[in-house]
Amino acid sequence: MSGSATAPQRVRKRFTAKARQFDDLYEDERPLVRLLRPGLFRRRQLAVETVRSHTAPSVLDVGCGSGRIGEFVLWAGASQYLGIDFSEPMIELARARLGRFGDRVRLLTDDFLTAPVESQYDVVLALGLFDYLPDPESFLARMFMLCAPGGSLVGSFPAWSPVKGPIRKLRYEWIGDCPIFNYDRGGLERMLRGAGFPSVEILSPGRSGFLVRAHRH
């Protein structure tokens, strides 16, 4: 592993170099992918359900990647969608995928913590993001600020799995030079409440991670 680059720099390097490869992971309509990676489908399902629970909500997608989930939440009724990702190749894939939705979509290549976002959003998505964050508290604090009163945060958080954990560590950290992070239920609840969310639902769809929906009153 490189000793000179910081964790965010290493993550950015990987997602810039491997954008199309990561995009392909989300081709979750294929039966084999649904069988082997059911968590990807469950993330999308929770995002769509949350968007549908609001009336024509505005959606902020942090770490939007290639716009795979963005496509489904726009179909589900999002009135406005802002996707932010620090990988330009990912944003280019998202532009190609979401272009047909016209001015309902805005995409930014930027660091979320410093990106010029001033509006609040009814739904904030952070799916497949917290796996790679050494400072999740900073991200959650800004997500709370940008979540409108009555709005919702939907996030995914990996947990250590005796089966998948060593495989992920080998693939990402040792081979890919990309740090990954894991979470537990108690720590998640403390982080989310510490960020300001008074109502937190922590779902455990599998042994390798959590889906979270938090609400701002």
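First, a word on scope: everything that follows refers to the structure included in this document. If you're wondering where the values come from, they're calculated on a predicted model, not measured in any experiment. Per chain, residue numbering runs from 1 following the sequence as it is written. Reporting in this predicted model follows two pLDDT cut-offs: at least 70 for local features of residues, and 80 or more for side-chain atom pairs to be given and counted; totals over whole chains, interfaces and linings ignore these cut-offs and use all residues. Hydrogen atoms and water are omitted, and side-chain values are computed over all heavy atoms in the structure.

## Section: the nonpolar core
Here is step 1: The biggest cluster of nonpolar side chains holds 34 residues, and the ones touching the most others in it are Leu 60, Phe 130, Met 143, Leu 153 and Phe 197.
Here is step 2: Per the convention used, a helix needs a DSSP run of H or I reaching at least four residues, while a strand needs a run of E reaching at least two, with both numbered from the N terminus. It is helix 7 (residues 136-146) that provides the largest number of residues to this core, a total of 5 residues.
Here is step 3: Contacts are assigned to residue pairs with any non-hydrogen atoms lying within 4.5 Å of each other. Once residues lying within four places of it in the same chain are set aside, the contact partners of Met 143 are Val 62, Phe 112, Val 124, Ala 126, Leu 129, Phe 130, Leu 153 and Phe 197.
Here is step 4: Within the second largest apolar cluster, 23 residues are counted, among which are Cys 64, Val 73, Val 123 and Val 154. Residue types Ala, Val, Leu, Ile, Met, Phe, Trp, Tyr and Cys, when buried and joined through side-chain atoms within 4.5 Å, form a set referred to as a nonpolar core. Relative accessibility under 20% of the residue-type maximum defines a buried residue, over 50% an exposed one, and the middle range a partly exposed one, all with a 1.4 Å probe and only protein chains included.

## Considerations on helix 6 (residues 88-98)
Here is step 1: What helix 6 keeps buried is the set Met 90, Ile 91, Leu 93, Ala 94, Arg 97 and Leu 98. The buried residues of helix 6 occupy an angular sector of 155° when the element is viewed end-on, so they sit on one face. Comment: arc refers to directions from the helix axis out to C-beta atoms.

## What to know about the packing of aromatic side chains
Here is step 1: Any two rings among Phe, Tyr and Trp, with Trp reduced to its six-membered ring, count as a pair given centres within 6.5 Å; such a pair is stacked if its planes are under 30 degrees apart, edge-to-face if over 60, and tilted if neither. This model, assessed by the stated rule, comprises 5 aromatic pairs.
Here is step 2: A centroid spacing of 4.4 Å and a plane angle of 25° characterise the contact between Phe 130 and Phe 157, whose relative ring orientation is stacked. Of this pair, Phe 130 sits in the loop between strand 4 (121-126) and helix 7 while Phe 157 sits in strand 5 (residues 147-158), and the two are 27 residues apart along the sequence.
Here is step 3: Residue classification places Phe 130 among the buried residues on the basis of a relative accessible area of 0%.
Here is step 4: Residues Phe 157 and Tyr 183 carry aromatic rings whose centres are separated by 5.2 Å and whose planes lie at 80° to one another, so their mutual orientation is edge-to-face. In this pair, Phe 157 sits in strand 5 while Tyr 183 sits in the loop between helix 8 (164-175) and helix 9 (185-195), placing the two residues 26 residues apart along the sequence.

## Considerations on the pairing of strand 1 (residues 58-62)
Here is step 1: By the criterion of burial, strand 1 is predominantly enclosed, with 5 of the 5 residues buried.
Here is step 2: Of the two faces of strand 1, the one lined by Ser 58, Leu 60 and Val 62 and the one lined by Val 59 and Asp 61 are each fully buried.
Here is step 3: DSSP calls a pair of strands paired once it identifies at least 2 bridges connecting them. In this sheet, strand 2 (residues 80-85) lies alongside strand 1 in parallel orientation, the contact comprising 5 bridges. By the bridge assignment, Asp 61 is partnered in strand 2 with Gly 83.
Here is step 4: In this sheet, strand 4 lies alongside strand 1 in parallel orientation, the contact comprising 3 bridges. Bridging from a neighbouring strand, Asp 61 pairs with Leu 125 of strand 4.

Keep in mind these numbers describe shape, not what the thing actually does.
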